[in-house]
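Notes for the structure review
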Amino acid sequence: MRKIKKLKLGVPTGAIQSPALKLFPQAGYDLKFEEESYRASIDDPEIDCLVTRPIEIAPFVEKGVLDAGISTEAAILESGARVKKLCDFSYDVGKKAVIVLAAPENSSIKSLKDFKGKKILTRIPKITKEFLRKNKTSAQVIFSDIGVAPSNIVKVPLIADATVEFIVEIVDAPIKDALKEFNFKILEVLMENPTVLI
(Lines give C-alpha, C1' and ligand atoms only; values in the text may rest on other atoms or scores of the structure.)
Protein backbone atom coordinates (compact mmCIF):
# COMPACT_ATOMS: atom_id res chain seq x y z
CA MET A 1 0.00 0.00 0.00
CA ARG A 2 1.35 3.39 -1.03
CA LYS A 3 1.79 5.93 1.76
CA ILE A 4 -0.20 9.15 1.22
CA LYS A 5 1.97 12.29 1.15
CA LYS A 6 0.35 14.69 3.57
CA LEU A 7 0.17 18.43 3.08
CA LYS A 8 1.99 20.17 5.97
CA LEU A 9 0.12 23.35 6.86
CA GLY A 10 1.26 26.14 9.20
CA VAL A 11 -1.52 27.43 11.45
CA PRO A 12 -0.71 30.76 13.18
CA THR A 13 -0.75 31.61 16.85
CA GLY A 14 -1.29 35.08 18.27
CA ALA A 15 -3.63 37.82 17.12
CA ILE A 16 -4.40 36.26 13.73
CA GLN A 17 -5.12 32.78 15.08
CA SER A 18 -8.81 33.24 15.87
CA PRO A 19 -9.74 34.78 12.50
CA ALA A 20 -7.55 32.20 10.72
CA LEU A 21 -9.35 29.34 12.43
CA LYS A 22 -12.69 30.75 11.21
CA LEU A 23 -11.54 30.25 7.61
CA PHE A 24 -11.49 26.46 7.86
CA PRO A 25 -15.24 25.86 8.37
CA GLN A 26 -15.87 28.27 5.48
CA ALA A 27 -13.71 26.00 3.33
CA GLY A 28 -15.51 22.87 4.56
CA TYR A 29 -12.92 21.71 7.13
CA ASP A 30 -13.31 21.01 10.82
CA LEU A 31 -10.10 22.23 12.47
CA LYS A 32 -9.75 21.91 16.22
CA PHE A 33 -7.12 23.80 18.19
CA GLU A 34 -5.98 22.35 21.51
CA GLU A 35 -4.97 25.33 23.65
CA GLU A 36 -2.98 23.35 26.25
CA SER A 37 -0.88 21.31 23.84
CA TYR A 38 -0.58 23.92 21.07
CA ARG A 39 -1.73 21.35 18.54
CA ALA A 40 -4.33 21.47 15.80
CA SER A 41 -6.16 18.60 14.18
CA ILE A 42 -8.18 18.67 10.99
CA ASP A 43 -10.77 16.30 9.57
CA ASP A 44 -8.72 15.62 6.45
CA PRO A 45 -6.30 12.65 6.62
CA GLU A 46 -4.14 14.28 3.93
CA ILE A 47 -3.35 17.40 6.01
CA ASP A 48 -1.05 17.74 9.04
CA CYS A 49 -1.11 21.05 10.93
CA LEU A 50 1.75 22.73 12.74
CA VAL A 51 0.76 25.52 15.13
CA THR A 52 3.46 28.18 15.34
CA ARG A 53 4.11 31.92 15.20
CA PRO A 54 3.45 33.71 11.88
CA ILE A 55 7.08 34.87 11.70
CA GLU A 56 8.21 31.21 11.73
CA ILE A 57 5.71 30.04 9.12
CA ALA A 58 7.23 32.00 6.21
CA PRO A 59 10.78 30.58 6.60
CA PHE A 60 9.36 27.09 7.19
CA VAL A 61 7.48 27.32 3.87
CA GLU A 62 10.56 28.73 2.12
CA LYS A 63 12.71 25.81 3.35
CA GLY A 64 10.09 23.15 2.57
CA VAL A 65 9.46 22.27 6.22
CA LEU A 66 5.84 23.28 5.55
CA ASP A 67 4.02 23.10 2.23
CA ALA A 68 1.78 26.10 2.97
CA GLY A 69 0.74 28.32 5.85
CA ILE A 70 -1.17 31.34 7.06
CA SER A 71 1.09 34.26 7.96
CA THR A 72 1.22 38.04 7.58
CA GLU A 73 2.88 40.47 5.20
CA ALA A 74 5.02 41.83 8.06
CA ALA A 75 6.14 38.34 9.13
CA ILE A 76 7.27 37.60 5.58
CA LEU A 77 9.18 40.88 5.30
CA GLU A 78 10.72 40.66 8.76
CA SER A 79 11.88 37.06 8.27
CA GLY A 80 13.23 37.79 4.79
CA ALA A 81 11.64 34.57 3.49
CA ARG A 82 11.13 34.27 -0.25
CA VAL A 83 7.68 32.79 -0.55
CA LYS A 84 4.77 33.07 -2.96
CA LYS A 85 1.66 34.79 -1.61
CA LEU A 86 -1.33 32.81 -2.84
CA CYS A 87 -4.01 35.15 -1.51
CA ASP A 88 -4.79 37.88 1.02
CA PHE A 89 -7.51 37.20 3.55
CA SER A 90 -10.03 39.80 4.60
CA TYR A 91 -11.40 38.71 7.98
CA ASP A 92 -13.54 41.63 9.02
CA VAL A 93 -15.34 43.87 6.57
CA GLY A 94 -14.39 47.45 7.35
CA LYS A 95 -11.21 46.59 9.26
CA LYS A 96 -7.59 46.44 8.22
CA ALA A 97 -4.41 45.62 10.09
CA VAL A 98 -1.71 48.27 9.95
CA ILE A 99 1.69 48.87 11.51
CA VAL A 100 2.21 52.29 13.03
CA LEU A 101 4.91 54.41 14.60
CA ALA A 102 3.51 55.93 17.79
CA ALA A 103 4.73 58.01 20.72
CA PRO A 104 3.15 59.18 23.97
CA GLU A 105 0.76 62.13 23.52
CA ASN A 106 2.89 64.28 25.85
CA SER A 107 6.09 63.49 23.93
CA SER A 108 8.11 66.22 22.25
CA ILE A 109 8.20 63.98 19.16
CA LYS A 110 5.86 65.47 16.56
CA SER A 111 7.24 64.03 13.32
CA LEU A 112 9.97 61.81 11.87
CA LYS A 113 12.52 64.64 11.96
CA ASP A 114 12.31 64.57 15.79
CA PHE A 115 13.72 61.03 16.06
CA LYS A 116 17.44 61.78 15.94
CA GLY A 117 18.96 60.30 19.12
CA LYS A 118 15.65 58.70 20.14
CA LYS A 119 14.83 55.04 20.83
CA ILE A 120 12.06 52.99 19.19
CA LEU A 121 10.83 49.74 20.76
CA THR A 122 9.46 47.12 18.34
CA ARG A 123 8.89 43.45 17.52
CA ILE A 124 9.87 44.14 13.90
CA PRO A 125 13.29 45.79 13.88
CA LYS A 126 14.11 45.00 10.24
CA ILE A 127 10.93 46.68 8.95
CA THR A 128 11.41 49.58 11.37
CA LYS A 129 15.02 50.20 10.31
CA GLU A 130 14.07 50.03 6.63
CA PHE A 131 11.26 52.55 7.20
CA LEU A 132 13.66 54.93 8.96
CA ARG A 133 16.26 54.51 6.20
CA LYS A 134 13.72 55.25 3.44
CA ASN A 135 12.63 58.36 5.31
CA LYS A 136 16.22 59.50 5.92
CA THR A 137 15.73 59.40 9.69
CA SER A 138 17.89 57.79 12.33
CA ALA A 139 16.95 56.36 15.70
CA GLN A 140 18.08 53.49 17.87
CA VAL A 141 15.79 50.49 17.28
CA ILE A 142 15.33 48.20 20.28
CA PHE A 143 13.91 44.70 19.79
CA SER A 144 11.29 43.43 22.22
CA ASP A 145 9.50 40.21 21.34
CA ILE A 146 6.41 40.62 23.45
CA GLY A 147 3.54 39.82 21.15
CA VAL A 148 0.66 40.87 23.35
CA ALA A 149 -0.46 44.48 23.40
CA PRO A 150 -0.02 46.61 25.42
CA SER A 151 3.22 45.14 26.83
CA ASN A 152 5.56 47.07 24.50
CA ILE A 153 3.47 50.22 24.83
CA VAL A 154 3.77 50.08 28.63
CA LYS A 155 7.57 49.76 28.35
CA VAL A 156 8.01 52.86 26.16
CA PRO A 157 8.20 55.55 28.84
CA LEU A 158 10.79 53.50 30.75
CA ILE A 159 13.18 52.37 28.00
CA ALA A 160 12.24 54.05 24.73
CA ASP A 161 10.68 57.17 23.22
CA ALA A 162 8.28 55.51 20.77
CA THR A 163 7.04 52.17 19.49
CA VAL A 164 6.26 50.50 16.19
CA GLU A 165 3.11 48.50 16.84
CA PHE A 166 0.43 46.44 15.11
CA ILE A 167 -3.14 47.72 15.28
CA VAL A 168 -6.48 47.05 13.67
CA GLU A 169 -7.83 50.21 12.11
CA ILE A 170 -11.58 50.54 11.86
CA VAL A 171 -12.38 52.21 8.57
CA ASP A 172 -14.54 55.38 8.90
CA ALA A 173 -14.40 55.22 12.70
CA PRO A 174 -11.97 56.30 15.45
CA ILE A 175 -9.17 53.86 16.20
CA LYS A 176 -9.93 52.14 19.50
CA ASP A 177 -6.94 50.19 20.69
CA ALA A 178 -4.18 50.06 23.26
CA LEU A 179 -2.45 53.08 21.74
CA LYS A 180 -5.40 55.33 22.50
CA GLU A 181 -5.97 53.69 25.88
CA PHE A 182 -2.40 54.50 26.92
CA ASN A 183 -2.47 58.01 25.40
CA PHE A 184 -0.23 57.40 22.41
CA LYS A 185 -0.40 59.40 19.21
CA ILE A 186 0.12 57.79 15.82
CA LEU A 187 2.87 59.58 13.92
CA GLU A 188 3.14 57.42 10.80
CA VAL A 189 1.60 54.34 9.23
CA LEU A 190 4.49 52.12 8.08
CA MET A 191 2.43 49.61 6.12
CA GLU A 192 -0.75 47.60 5.88
CA ASN A 193 -0.34 44.10 7.28
CA PRO A 194 -2.73 41.69 5.58
CA THR A 195 -2.96 38.05 6.60
CA VAL A 196 -1.84 35.90 3.69
CA LEU A 197 -1.81 32.30 2.54
CA ILE A 198 1.66 31.30 1.41
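Residues numbered from 1 in each chain as written. Predicted model: local features only at pLDDT ≥ 70, side-chain atom pairs only at ≥ 80, totals over all residues. Heavy atoms only, no water.

1. Some details on the nonpolar core
If you look at the biggest cluster of nonpolar residues, it comprises 18 residues, and the most contacted ones within it are Ile99, Leu101, Phe115, Ile120, Val164 and Leu190. Where this core is concerned, the elements lending two or more residues are strand S7 (95-104), helix H4 (125-134), strand S10 (162-170) and strand S11 (184-192). Not counting residues up to four positions away in its chain, the partners in contact with Ile120 are Leu101, Phe115, Thr128, Leu132, Ala139, Gln140, Val141, Ile142, Ala160, Ala162, Thr163 and Val164. Among the nonpolar cores identified, the runner-up in size contains 14 residues, and Val11, Phe24, Phe33 and Val51 belong to it. (Core = buried A, V, L, I, M, F, W, Y, C linked by side-chain atoms within 4.5 Å. Buried < 20%, exposed > 50% of the residue type's maximum accessible area, 1.4 Å probe, protein only. Helix = DSSP H or I, 4+ residues; strand = E, 2+ residues; numbered from the N terminus. Contact = heavy atoms within 4.5 Å.)

2. Some details on unusual backbone geometry
You will see that Lys136, though not glycine, has its phi angle at about 50 degrees, which is positive. The residue Lys136 is located in the loop between H4 and strand S9 (140-143) in this model. Even without being glycine, Asn183 reaches a positive phi, approximately 60 degrees. Mapped onto the elements, Asn183 comes out in the loop between helix H6 (178-181) and S11.

3. Here's the deal with the pairing of strand S1 (residues 7-12)
Relative to strand S4 (residues 47-52), S1 runs parallel, the two being bridged by six bridges. Among the inter-strand pairings, Gly10 is bridged to a residue of S4, identified as Leu50. Alignment of S1 against strand S5 (residues 68-72), held across two bridges, turns out to be parallel. Each residue of the ladder has a partner; that of Leu9, found in S5, is Ala68. (Pairing = 2+ DSSP bridges.)

4. Notes on the side chain of Asn193
Mapped onto the elements, Asn193 comes out in the loop between S11 and strand S12 (195-197). Engagement of the side chain of Asn193 in a polar contact is seen with the backbone nitrogen of Ala74, the distance being 2.7 Å. Every residue in contact with Asn193, bar those within four places of it in the chain, is listed here: Thr72, Glu73, Ala74, Ala97, Val98, Ile99 and Phe166. (Polar contact = N/O pair within 3.5 Å; in protein donor to acceptor, adjacent residues only side chain to side chain.)

5. Details of the side chain of Glu73
Its place among the elements puts Glu73 in helix H3 (residues 73-79). Ignoring sequence-local partners within four residues, the contact set of Glu73 consists of Lys85, Met191, Glu192, Asn193, Pro194 and Val196.

6. So, the environment of Leu7
Following the sequence through the fold, Leu7 ends up in strand S1. Taking the C-alpha atoms as reference, Leu7 lies 4.7 Å from Ile47; in sequence the two are 40 residues apart. In this structure, Leu7 is in contact with Glu46, Ile47, Asp48 and Asp67, ignoring residues within four places of it in sequence.

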